[in-house]
Amino acid sequence: MAVLEGGVSAALAGVGAEASSPLHMVRMPVSYGSGGFYRVGATSGTMAAALAANAEIFQFRYVTAASRIALVKKISISAGANVAASAAALATLRATIARSWTAAGSGGTRLTLTGDNVNLRTSMATSEVNDAGISTTAGLTAGTKTLDTTDFGAISFGIGTGAITVSVPLVLLPLTPLFDSDGEGQHPIVLANQEGFVIRNGANAFPAALTWNFSVNVLWAEVPAF
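Residues numbered from 1 in each chain as written. Predicted model: local features only at pLDDT ≥ 70, side-chain atom pairs only at ≥ 80, totals over all residues. Heavy atoms only, no water.

### Points about the overall build of the chain
Here is the rule: Strands here mean DSSP runs of E at least two residues long; helices mean DSSP runs of H or I at least four residues long; both are numbered from the N terminus. Based on C-alpha atoms, the radius of gyration is set beside the globule rule, defined as 2.2 Å times the residue count to the power 0.38. When a residue's accessible area, from a 1.4 Å probe over protein chains only, is under 20% of the maximum for its type it is buried; when over 50% it is exposed; and in between it is partly exposed. Working rule for contacts: check all heavy atoms of both residues, and any pair within 4.5 Å makes them a contact. Computed by Shrake-Rupley with a 1.4 Å probe, the accessible areas treat only the displayed protein chains as cover when residues are assessed.
Secondary structure summary: the chain contains 0 helices and 12 strands in total. What you see in the chain, going N to C, is helices and strands ordered as β-β-β-β-β-β-β-β-β-β-β-β. A compact globule built from 226 residues would reach a C-alpha radius of gyration of about 17 Å, whereas the chain, at 22 Å, exceeds it by more than 25%. Its C-alpha atoms put the chain at 75 × 40 × 35 Å along the principal axes. Counting the 226 residues in the chain, one finds 40% classified as buried. Restricting the contact set of the chain to residue pairs at least 6 apart, pairs at least 24 apart contribute 89%. Total accessible area on the chain is roughly 11700 Å²; 54% of this is exposed by carbon and sulfur atoms.

Written out as structure tokens, the structure is:
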């Protein structure tokens, strides 16, 4: 039988018929060793009308020189419009794992990840995410990688043609998780060297005339083992 003893107080945690007292526990994040915890929030430019089908609009690539792994715990997205579509449409935004990512994508805005820009604590190591990019007006260049056949997260919604100037607050998509394991006992996405994920739209192009923008938030940790 295991016996729990306080490391500072040397008090034992008793069991059975004895006077009860609380057992104090503090839940902490996973141990990150020489790595750290990180969060990024990125916003696109004004997306041009008629975004092509299957266009990549956000890229996240992990390359480690320290034999760490990246634990992606949460990915969320939101979107809003400022010019109405000329025809109604069904739209999808989906997230897909990328493997064997040997050359980064390009285009759009490439995020600054060095220094303390995404660390949740100054003393944490600089993130080993090699590249992250978000669209400015159109889809991103893919780089060299292999996407999984099946997405790990997807959101579908309809786009109408009503007068957008009278719609408040002009929301296409409220802040919505594409992936969320940020809870006790839930399994994150585990990225090894030259792995990552992309967010892209679905098989339908976005409708003509509609201009819009979107924001992506990603929470992850980089740890020696998991």
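### What to know about the side chain of Lys145
Here is the rule we go by: Residues adjacent in sequence count toward polar contacts only when both atoms are side-chain atoms; beyond that, a polar contact is any pair of N or O atoms within 3.5 Å, and within protein one must be able to donate a hydrogen and the other to accept it.
Note that Lys145 resides in strand 7 (residues 144-147). Within polar-contact distance, the side chain of Lys145 engages the side chain of Glu56 at 3.0 Å. Among the polar contacts made by the side chain of Lys145, one reaches the main-chain carbonyl oxygen of Ala142 at a distance of 2.4 Å. When sequence neighbours within four positions are dropped, the list of residues in contact with Lys145 reads Glu56, Gln59, Ala98, Arg99, Ser100, Trp101 and Val198.

### Comments concerning the pattern of salt bridges
Note the cut-off: Any carboxyl oxygen of Asp or Glu that lies within 4 Å of a side-chain nitrogen of Lys or Arg is treated as forming a salt bridge with it.
Under the definition given, this model contains 8 salt bridges. With its nearest N and O atoms 3.2 Å apart, the salt bridge here joins Arg94 to Asp151. One end of the pair, Arg94, is in strand 4 (residues 89-103); the other, Asp151, is in the loop between strand 7 and strand 8 (153-159), and 57 residues separate them in sequence. Salt-bridge contacts for Glu195 lead to Arg99; the nearest nitrogen and oxygen are separated by 3.7 Å. A residue pair is termed long-range when its members are at least 10 positions apart, and Glu195 in strand 11 (residues 195-201) and Arg99 in strand 4 qualify at 96 residues. According to the relative accessible area criterion, Glu195 is buried, its value standing at 16%. Several salt bridges share partner residues, and in doing so they unite Arg94, Asp151 and Arg200 into one network.

### Details of the layout of surface pockets
Cut-off, in case you're wondering: Cavity and pocket criteria rest on a 1 Å grid covering protein atoms alone: a 1.4 Å probe that fits but cannot get out defines a cavity, protein on both sides within 12 Å along at least 5 of 7 lines defines an open pocket, and an atom within 4 Å of a point defines a lining residue. Grid points are joined across faces, edges and corners, and a volume is the space filled by probe spheres set on the points. When residue character is reported, Ala, Val, Leu, Ile, Met, Phe, Trp, Tyr, Cys and Pro are called nonpolar, Asp, Glu, Lys and Arg charged, and the others, Gly included, polar.
Taken as a whole, the largest pocket encloses approximately 410 Å³ of empty space. Looking at the lining of the largest pocket, its residues break down into 9 nonpolar, 4 polar and 4 charged.

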